[in-house]
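Coordinates in review
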Amino acid sequence: MTNILWTLYLGILGTLAIGYFIKGGYKTHSAKLDFVISIITWIGLFGYVTSNELFTPLLWKVVFIGGLVWDLAYGLKKFNEDANEIPRAARPAVFGITALIMIGPLYYGLFQYAF
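About the thresholds
- Residues numbered from 1 in each chain as written.
- Predicted model: local features only at pLDDT ≥ 70, side-chain atom pairs only at ≥ 80, totals over all residues.
- Heavy atoms only, no water.
- Helix = DSSP H or I, 4+ residues; strand = E, 2+ residues; numbered from the N terminus.
- Rg over C-alpha atoms; globule rule 2.2 N^0.38 Å.
- Buried < 20%, exposed > 50% of the residue type's maximum accessible area, 1.4 Å probe, protein only.
- Contact = heavy atoms within 4.5 Å.
- Areas by Shrake-Rupley, 256 points an atom, 1.4 Å probe, with all protein chains shown as cover.
- Lys, Arg positive; Asp, Glu negative; His and termini not counted.
- Charge placed at Lys NZ, Arg CZ, Asp CG, Glu CD.
- Salt bridge = Lys/Arg side-chain N within 4 Å of Asp/Glu carboxyl O.
- Core = buried A, V, L, I, M, F, W, Y, C linked by side-chain atoms within 4.5 Å.
- Axes fitted to C-alpha atoms, helices over the stretch in contact; angles between N-to-C directions.
- Parallel < 35°, antiparallel > 145°, perpendicular 65-115°, else oblique.
- Left-handed = near helix turned anticlockwise from the far one by under 90°.
- Nonpolar A, V, L, I, M, F, W, Y, C, P; charged D, E, K, R; others polar.
- UniProt positions renumbered as here; feature names shortened; annotations may be inferred.

**Focus on the overall build of the protein chain**
When its secondary structure is counted, the protein chain shows four helices and zero strands. Radius of gyration (C-alpha) of the protein chain: 15 Å, near the 13 Å computed for a compact globule of 115 residues. Principal-axis analysis of the C-alpha atoms gives the protein chain an extent of 45 × 30 × 30 Å. When the 115 residues of the protein chain are sorted by exposure, 32% land in the buried category. If you take every contact in the protein chain between residues at least 6 apart in sequence, the share linking residues at least 24 apart comes to 71%. When the accessible surface of the protein chain is totalled, it reaches about 7500 Å², and 73% of it is carbon and sulfur. For the protein chain, the centre of its 8 positive side-chain charges and the centre of its 6 negative side-chain charges are spaced 6 Å apart.

**Notes on the pattern of salt bridges**
When charged atoms on two side chains of opposite charge get close, those side chains can pair. Evaluation of the coordinates by the stated rule reveals two salt bridges. Between Lys 78 and Asp 82 there is a salt bridge, with its nearest N and O atoms 4.0 Å apart. Of this pair, Lys 78 and Asp 82 both sit in helix α3 (residues 57-82), four residues apart, which is roughly one turn of that helix.

**Here we look at the nonpolar core**
Membership of the largest hydrophobic core comes to 20 residues, with the highest contact counts inside it found for Tyr 9, Trp 42, Leu 45, Trp 60, Leu 106 and Leu 110. Mapped onto this core, the elements with two or more residues apiece are α1 (2-22), α2 (29-50), α3 and α4 (91-114). Aside from chain neighbours lying at most four places away, what touches Leu 110 is Thr 41, Gly 44, Leu 45, Trp 60, Val 63 and Phe 64. By size, the runner-up hydrophobic cluster in this structure holds five residues, among which are Phe 79, Ala 83, Phe 95 and Ala 99.

**Some remarks on the packing of α1 against α2**
Where α1 meets α2, the closest approach of the two axes is 11 Å, and the angle between their N-to-C directions is 165 degrees. As summarised for this structure, α1 and α2 are arranged roughly antiparallel, according to the angle between their axes. Crossing of α1 over α2 shows left-handed handedness. Judged by residue contacts, Asn 3, Trp 6, Thr 7, Tyr 9, Leu 10, Leu 13, Gly 14, Ala 17 and Phe 21 of α1 engage Phe 35, Trp 42, Leu 45, Phe 46, Tyr 48 and Val 49 from α2. Tallied by class, the residues present in the contact of α1 with α2 amount to twelve nonpolar, three polar and no charged.

**Regarding the UniProt feature "transmembrane region" (unreviewed entry) in the protein chain**
Per the UniProt record, "transmembrane region" (unreviewed entry) is found at residues 6-26, 33-51, 57-77 and 89-110. Annotated as residues 89-110, this span is 91% helix and 0% strand, and its ends, taken at the C-alpha atoms, are 31 Å apart.

This is the structure:
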């Protein structure tokens, strides 16, 4: 049952990213880099879900730390650009909750896979 939920999670993330890609959402260089980093982290999560050893644990430690830092920095920048209707005082809480729900499981699985 757990593997089914992880697979559904991967499918939802992939579907959202591909849909955003098809709509032309990755126009800037930083957005394209975000897409590439996302794909790399998904490969790590796929390895965790399927219990396959892809590459070395050291690589996944680097991917985990680098991807997490990138996702938080880029996500916060993008969120602040797009969240004009959210009061400024509430933005950190809204970003934190949204990030925890959307990418929390990804980095939990990647952490388990790397460490």
